[in-house]
2 protein chains.
Amino acid sequence: MRFAIYIPDNLEGPAPVLYHLSGMSCSEQTFIQKTGFQRWASHYGIIVVSPDVCPRITYGVEKNEIEAKGLSFYVNAVKKPWNKNYQMYSYVNEELPSIIQENFNVNKDRQSIMGHSMGGHGALISALKNPGKFRSVSAFAPVCNPSKSPDIQFIFKCYFGDDEKAIEEWDATCLVTNYKGPELNILIHQGNNDQYKEQLKLQNFASACEKAGIAVSTNVEDRFDHGFYFISSFIEQHFHHHSKFLCDS
Amino acid sequence: MRFAIYIPDNLEGPAPVLYHLSGMSCSEQTFIQKTGFQRWASHYGIIVVSPDVCPRITYGVEKNEIEAKGLSFYVNAVKKPWNKNYQMYSYVNEELPSIIQENFNVNKDRQSIMGHSMGGHGALISALKNPGKFRSVSAFAPVCNPSKSPDIQFIFKCYFGDDEKAIEEWDATCLVTNYKGPELNILIHQGNNDQYKEQLKLQNFASACEKAGIAVSTNVEDRFDHGFYFISSFIEQHFHHHSKFLCDS
């Protein structure tokens, strides 16, 4: 597995770390090339880690498409053949942080997570399934309720079969209902012209948070779509958000 | 021909325009996706135009490679079959500005030009061949002396045959020797670890400028290479440079 890491100059001692999960069809290169986040990571003194979005494994022609599009959805697959390598949830939450903590001067008590689209889903479920592990979580145009999105369900069926209960354990809108733990400090942006809006189901997540009494800042921005100009336009706000929880003022 | 145009919000009246020419293997998408220039174009109120780097024409297998890599070098080719469509100098200096002036609210008396690598060469020769047309010119890692770069000469031979005099008319280091006109206001950055340094020949250009009494700011930056992280690290300085000549203080 490859990952990108950005280490600002002039850090003093162990630095906070922000994990970024990219969306489908991306690699570890996408976020670092197209969003201009470096300026803000440098400004706030935050180390940023952005892993590749899925194992680069070929299982055969049909399954190649899922690999080619990077459709890991950051879950731990149960069904064969996916269960062998598609363990991205464990990779992002255990293996990768261990590698980072062993090899770079990070403060392991100060970590946050963010993501885009499928990676926004990955960030939300990682925060919801690990109360207190991340100081804050943010997402651009996250997939919020995959078990209710027909176009996404075929992927989850590859990984879990028809076990609806299992699928709900990887669905932020379902998870938020039973969340118990410290404040999550969630920030979400979505473009009002997002071409995948119907599949993202931000409103379902916002309603579930309201019912569960969980604070979430959801911002729907006029005229923006799902792409990287949207991200680069609001990346400053996301780093400002995380800095409030990761950095000493 | 496709081009990208960035128009800042809240412009008042006709705005200055900065043309950006990309390097080989790029398209009109590259600069706008990978450099983060929008922040500075918006800050200074400058419209930015970045055209595709060559005609997308197929002449046959061998020639496809030149098209695929976008090796126009922003010249007007003389030899067949290139002379029909590879007239990028005229496109950049005449046809494209006419389209921009007719369709967008630009101040045609306030224009500057910049470029990267092959596009830096294009920016320099455009400024040198049109005294007074551009208020300032800047380049990242420009090809400065193509007639002395063996790896580049094969392209020029496609366009001009063995006519060395003709080739020198498209070579910034040769052109600067005979330049007569107002101040050029040239700013150049190059990475000290640029993998193409030997072909760029920045020192030849700097020496020719010195002999000709032409002011040029050349900045060789430690550790940077030829790529887009280099550009995005110094793009602010280039916009600041152009703003001094394009914008009212």
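About the thresholds
Residues numbered from 1 in each chain as written. Chains lettered and ligands numbered in written order. Predicted model: local features only at pLDDT ≥ 70, side-chain atom pairs only at ≥ 80, totals over all residues. Heavy atoms only, no water. UniProt positions renumbered as here; feature names shortened; annotations may be inferred. Helix = DSSP H or I, 4+ residues; strand = E, 2+ residues; numbered from the N terminus. Buried < 20%, exposed > 50% of the residue type's maximum accessible area, 1.4 Å probe, protein only. Contact = heavy atoms within 4.5 Å. Pairing = 2+ DSSP bridges. Axes fitted to C-alpha atoms, helices over the stretch in contact; angles between N-to-C directions.

## What to know about the UniProt feature "active site" (unreviewed entry) in chain A
All names here are of chain A.
Move 1: Per the UniProt record, "active site" (unreviewed entry) is annotated on S117, D194 and H226. Look at the named residues: they lie 110 residues apart in sequence, but the longest C-alpha span between them is just 10.6 Å, so in the fold they bunch up.
Move 2: Among the structural elements, S117 can be located in the loop between β4 (106–116) and α6 (118–129).
Move 3: The exposure class assigned to S117 is buried, which follows from its relative accessible area of 11%.
Move 4: Setting aside anything within four residues of it in sequence, one finds S117 in contact with G23, F140, A141, P142, V143 and H226.
Move 5: Positionally, D194 belongs in the loop between β6 (186–191) and α10 (197–200).
Move 6: Filtering out sequence-adjacent residues up to four positions away, D194 remains in contact with A141, L200, F224, D225 and H226.

## Focus on the sheet that holds strand β2 (residues 15–21) of chain A
What links the strands of a sheet is backbone hydrogen bonding, and the strands pair in either a parallel or an antiparallel sense.
All names here are of chain A.
Move 1: Taken together, seven strands build an open sheet; the order of strands is β1-β3-β2-β4-β5-β6-β7 and the sheet is mixed. With partners counted over all chains shown, the strands left at the sheet margins are β1 (3–6) and β7 (216–221), one partner each. Averaged over all neighbouring strand pairs, the angle between strand axes comes to 15 degrees, with direction disregarded.
Move 2: Where β2 lies against β4, six bridges are found, and the strand directions are parallel. The partner of H20 across the bridge, within β4, is M114.

## Here's the deal with the environment of V176(B)
All names here are of chain B.
Move 1: Relative to the assigned elements, V176 resides in helix α9 (residues 172–177).
Move 2: Given a relative accessible area of 0%, V176 falls into the buried group.
Move 3: Those residues in contact with V176 that lie beyond four places of it in its chain are L128, F205, A208, C209, A212 and I214.

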